[in-house]
Amino acid sequence: MAFDTWLLYALAALGLSLSPGPNGLLALTHGALYGRQRTLYTIGGGALGFVVVIALSMFGIGALLQTSLVWLTVMKWVGGLYLVYLGIQVWRAPPIGMDIRPSPQRRSGLSLFRQGLLSAVTNPKGLLFFAAFLPQFIDPHRSLWGQFAVMAGTFAVIEVITETLIASTASRLTPWLRRAGRRFNQACGGVFMAIGAALPLRG
């Protein structure tokens, strides 16, 4: 993967990790309930789940590209439209408003890991998102395995870092999201709309 393409992918992945979603909300909730250290199990499970979803999306796309490269262009445009639609949905989403208090209940690390994993792999919107998102960055002339390693690894690292920050600041972040959550959602939605509009036009 060319460096400029990777950089654009990393920025888009960062926008996705920061936007409202089940795993980010789970990291926020578990961070407030169980603390940062135990929430790392949740975050690790979610990161593994996203790697699985990326693999399903990417190798499904790769199989389609073996039929015809025309499909790559079609998927880029359909994917771009879907990202614009997703951006509109995020833009219009209400701010997160939760009253979270630390819980004395202690859950096992395996239980938290499993919840993070299932949150990622059972969300059908995740598979749809990556099916729309990944074709913008796939080079059909390069090794699909190599691109998968770079894309999945990059996304997993970004996801772990951002969700760890979310979990670490959960007690301060929740009140802020109540006050400024709508503007935050609009910023994230704007990023998705811009990506959806611009990426299909790239060569």
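All of these numbers come straight from a predicted model, not from anything done at the bench. (Residues numbered from 1 in each chain as written. Predicted model: local features only at pLDDT ≥ 70, side-chain atom pairs only at ≥ 80, totals over all residues. Heavy atoms only, no water.)

1. Points about the overall build of the protein chain
On a plain count of helices and strands, the protein chain comes out with eight helices and zero strands. Each helix and strand of the protein chain, placed in order from N terminus to C terminus, yields the pattern α-α-α-α-α-α-α-α. Burial statistics for the protein chain: of 203 residues in total, 44% are counted as buried. Of the contacts formed within the protein chain by residues at least 6 apart in sequence, a portion of 91% connects residues at least 24 apart. Of the roughly 10400 Å² that the protein chain leaves accessible, carbon and sulfur atoms contribute 68%. (Helix = DSSP H or I, 4+ residues; strand = E, 2+ residues; numbered from the N terminus. Buried < 20%, exposed > 50% of the residue type's maximum accessible area, 1.4 Å probe, protein only. Contact = heavy atoms within 4.5 Å. Areas by Shrake-Rupley, 256 points an atom, 1.4 Å probe, with all protein chains shown as cover.)

2. Brief notes about the pattern of salt bridges
Enumeration over the complete set of coordinates arrives at one salt bridge. Across the salt bridge formed by Arg142 and Asp139, the nearest N and O atoms sit 3.1 Å from each other. (Salt bridge = Lys/Arg side-chain N within 4 Å of Asp/Glu carboxyl O.)

3. Considerations on helix H7 (residues 144-168)
Because each turn of an α-helix spans 3.6 residues, side chains separated by three or four positions end up pointing in the same direction. Along its 25 residues, H7 runs 35 Å from first to last C-alpha, staying within 8% of the 36 Å computed at 1.5 Å per residue. The opening residue of H7, the one whose side-chain oxygen lies 3.3 Å from the backbone nitrogen of Trp145, is Ser143. (Expected span 1.5 Å × (residues − 1). Polar contact = N/O pair within 3.5 Å; in protein donor to acceptor, adjacent residues only side chain to side chain.)

4. Focus on the side chain of Ser57
Locating Ser57 in the fold gives a position in helix H3 (residues 36-67). According to the relative accessible area criterion, Ser57 is buried, its value standing at 5%. If sequence neighbours within four positions are ignored, Ser57 has contacts with Leu127, Phe130, Ala131 and Leu134.

5. Let's talk about the environment of Leu110
Within the fold, Leu110 resides in helix H5 (residues 109-121). The exposure class of Leu110 is exposed, given its relative accessible area of 59%. Between the C-alpha atoms of Leu110 and Gly45, which are 65 residues apart in sequence, the distance is 9.0 Å.

6. A few points about the nonpolar core
Side chains of nonpolar character tend, in soluble globular proteins, to be buried together. Counting 27 residues, the largest nonpolar core has Tyr9, Ile54, Phe130, Phe133, Leu134 and Phe155 as the members making the most contacts within it. Among the elements of the structure, helix H1 (3-18), H3, helix H4 (70-92), helix H6 (124-133) and H7 are those that each provide at least two residues to this core. Ranked by residues supplied to this core, first place goes to H3 with six residues. Not counting chain neighbours up to four residues away, the residues in contact with Phe133 comprise Tyr9, Ala12, Ala13 and Leu83. Residues Ala27, Leu28, Ile43 and Ala167 belong to the second largest nonpolar core, which totals five residues. (Core = buried A, V, L, I, M, F, W, Y, C linked by side-chain atoms within 4.5 Å.)

7. Brief notes about the packing of aromatic side chains
Overall, the coordinates contain eight aromatic pairs when judged by the stated rule. Arranged with centres 5.2 Å apart and planes meeting at 80 degrees, the rings of Tyr9 and Phe137 form a pair that is edge-to-face. In this pair, Tyr9 is assigned in helix H1 and Phe137 in the loop between H6 and H7, connecting sequence segments 128 residues apart. With a centroid separation of 5.4 Å and an interplanar angle of 55 degrees, the aromatic rings of Phe59 and Phe148 are classed as tilted. Remark: Phe148 occurs in helix H7 and Phe59 occurs in helix H3; sequence separation between them is 89 residues. Three or more aromatic residues joined by ring pairs form one cluster here, namely Phe50, Phe130 and Phe155. (Phe/Tyr/Trp six-rings, centres within 6.5 Å; stacked < 30°, edge-to-face > 60°.)

8. Focus on the packing of H1 against H7
Where H1 contacts H7, the axes come no closer than 9 Å and their chain directions differ by 40 degrees. If you check the angle between H1 and H7, you find them oblique. Here the hand of the crossing between H1 and H7 comes out right-handed. Side by side, H1 and H7 meet where Trp6, Tyr9, Ala10, Ala13, Leu14, Leu16, Ser17 and Leu18 of the first sit next to Val150, Met151, Ala152, Thr154, Phe155, Ile158, Glu159 and Thr162 of the second. A class-by-class count of the residues in the contact of H1 with H7 yields 12 nonpolar, three polar and one charged. (Axes fitted to C-alpha atoms, helices over the stretch in contact; angles between N-to-C directions. Parallel < 35°, antiparallel > 145°, perpendicular 65-115°, else oblique. Left-handed = near helix turned anticlockwise from the far one by under 90°. Nonpolar A, V, L, I, M, F, W, Y, C, P; charged D, E, K, R; others polar.)

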